[in-house]
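Chains, contacts and geometry: an overview
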Amino acid sequence: MGIAREFWMRCRAWLGRKKHEQDLDDDVQAHVELATEENMQRGMSSNEARRAALRAFGGVTQTKEAYRIQRGVPFVETLWRDVRYALRRLGKSPAFTAIVVVTLALGIGANTAIFTLVQGIMLRSLPVADPSQLVRIGDRTHCCYFDGFESDDGDFDLFSYDLYKRFRDAAPEFDELAAVQAGGSGFSVRWGAEPAKALRTEFVSGNYFGTLGVGAYAGRLLSPRDNLRGAAPVVVLSDAAWHTEFGGDTGVVGSTVYLQGHAFTVVGIAPPGFYGDRIQPFPPDMWMPLETEPLMEGDNSSLLQPTTAWLYAIGRLHEGANRKALQSKLSEVLRQWMKAQPSFMKNGNEAQIVRQHVVLSAAGGGIQKIQQQTGKGLWVLMLLSSVVLLIACANIANLLLARAMAQRGAIAIRVGLGATRGRVIRQMVTESLLLSLMGGVAGLAIAFFGARAILVLAFPVSQELPVSARPSWEVLLFALGVSVVTGLLFSCVPAWIASGAQPAEATRASRGATGDSSSLPQRALLVFQLALSIVLLSTAMLATRSLFNLEHQNTGFETEGRYTVDLDLKGSGFKPEG
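Numbers given to residues run from 1 along each chain, matching the order in which its sequence is written. Where totals are concerned, whole chains, interfaces and linings use all residues; where local detail is concerned, this predicted model gives features only for residues with pLDDT of at least 70, and gives and counts side-chain atom pairs only at 80 or more. Calculated side-chain values reflect all of the structure's heavy atoms, with hydrogen atoms and water omitted.

**Quick notes on unusual backbone geometry**
With a phi close to 45 degrees, Asp130 is a non-glycine residue in the positive phi region. The residue Asp130 is located in the loop between helix H6 (94-122) and strand S1 (134-137) in this model. Backbone geometry places Gln260, a non-glycine residue, at a positive phi of 50 degrees. Positionally, Gln260 belongs in the loop between strand S8 (256-259) and strand S9 (262-269). We classify Gln260 as buried; its relative accessible area is 12%. Only DSSP runs of H or I covering at least 4 residues are called helices, and only runs of E covering at least 2 are called strands; the numbering of each starts at the N terminus. When accessible area is computed with a 1.4 Å probe and restricted to protein chains, residues below 20% of their type maximum are described as buried, those above 50% as exposed, and intermediate ones as partly exposed.

Here it is in structure tokens:
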């Protein structure tokens, strides 16, 4: 506590240093004048008395400096002086500063843009209560309907409604276990006098919102009683769909909408920012109880088929529950259920049933479908953007080294006046860190537009992808960290070489003094930069060639002028039997 208090007092003193400096000058002046008067009373002349008083007092400048050290925060004061000196130097070289900042902005901006997507897709948690407690039965994203064994290694990830209920009843380790449609549906929706619209829907169990820990923005959300056979059909709107498709009209809650001609009551609106149980290009516009699936699909209903796998299972696990034991138990439930199904037991599949199992996986980030699809590509982009940043660092290090060598005479004078090597290095590193921070700030703008461009290219028709190009606080911290590391990376070698200047070099010609000492590091940096550039260009050419081959692949028919059209006959009132 005492150390913290002392530090705080020192910071306050540093912030009020102008007043303290004036007080210090007044105290020193008063002390010298008092001693001068005493000397004059002893018979000295005024000049002799003052000189004697100053000799007795000691060095005025040294005394003031010692007092400043005791009163203030020396490290902060020194850093502040270094920053001001660095800003003056950079201001005198605007062309050099602009080149370095633009180069850094491109390198840092590219890395920050990719990290924005990595954070928004790969590292993001669902906007729900306590996402770390969510666990999914399954670790893959098979889609969308299966009848039979799902994979050669026996890993089961997609479940029928009957199997989901077996899991729910056999696993009290879950506080709640919800089921969600793997693929999603699209239905024609009509409200009031508005024309029908094609909206995206998702069938979920009645405890879906309760499992995720999500509250309603308006009205209420689905409950288990909505998922009972024969219950009145209801839907919950997403906040985005409420605004875009229903004009933000609060009167929609409690009203009737018609899905494929079937009447449903809108019971509530999901909270803003909630996009469902996974990141996907087209999030659901509304959620419907699983038990209404037969109403919508009729004879093609998957819910009524005991072995048709079309659901993911996600739940909230009890704190302290043994995941490994639960995984083994659920795998046994799966095998016992399969043995009771004639479709699995035919053709002597007993040996294959023994290998079937489930894997429990963390679901804090939701169902990892888009993560598994884009993960490798994002990490490759991150690697390539890091190579771009390394090339920028090598380029800037060369520029700084050449600049430092041109100013070696001035550095030698500073050393001759008493500056230590560490002091010189610290000042040069401070200047480099300022450059990198300025490049980082400019890089954030590049990152914003770069991330938006990548999202548009990757998902050209998706207007509601729940991934924002705006930098979050994690992205800002990443940009700050990259800027600091980059500044240290490209400044260390030039600062170390330039700080080795000797006082005698101040009298020599700059060219003769610096040619030999800097040529080897400059050549090494140039070779490093060239090698990385060749790697990056080769990779870009190979990727471009592969993309060209894919775009011009022979599909066996003429694609020019050909279009595909989707017709929703049910939404237009046609019945399957007609």
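**So, the side chain of Asn111**
With respect to the helices and strands, the residue Asn111 is situated in helix H6. With relative accessibility at 3%, the residue Asn111 sits in the buried group. Every residue pair with non-hydrogen atoms within 4.5 Å of one another is taken to be in contact. Residues within four places of Asn111 in sequence aside, it is in contact with Met382, Ser385, Ser386, Leu389 and Phe478.

**So, the packing of aromatic side chains**
Aromatic pairing here means that ring centres of Phe, Tyr or Trp (its six-membered ring) are within 6.5 Å. Orientation follows from the plane angle: under 30 degrees is stacked, over 60 is edge-to-face, and everything else is tilted. According to the stated counting rule, one finds 15 aromatic pairs in the structure shown. Taking 4.1 Å as the distance between ring centres and 10 degrees as the angle between the ring planes, the aromatic pair formed by Phe115 and Phe478 counts as stacked. Here Phe478 lies in helix H17 (residues 473-498) and Phe115 lies in helix H6, a separation of 363 residues in the sequence. Comparing Phe115 with Phe478, the two get one shared label, buried. Aromatic pair Phe209 and Phe274: ring centres 5.9 Å apart, planes at 50 degrees, arrangement tilted. Residue Phe209 is located in helix H8 (residues 208-212), and its partner Phe274 is located in the loop between S9 and strand S10 (286-289); the two are separated by 65 residues in the primary sequence. Put simply, the rings of Tyr145, Phe187, Phe203 and Trp310 touch in pairs and so form one group of aromatic residues.

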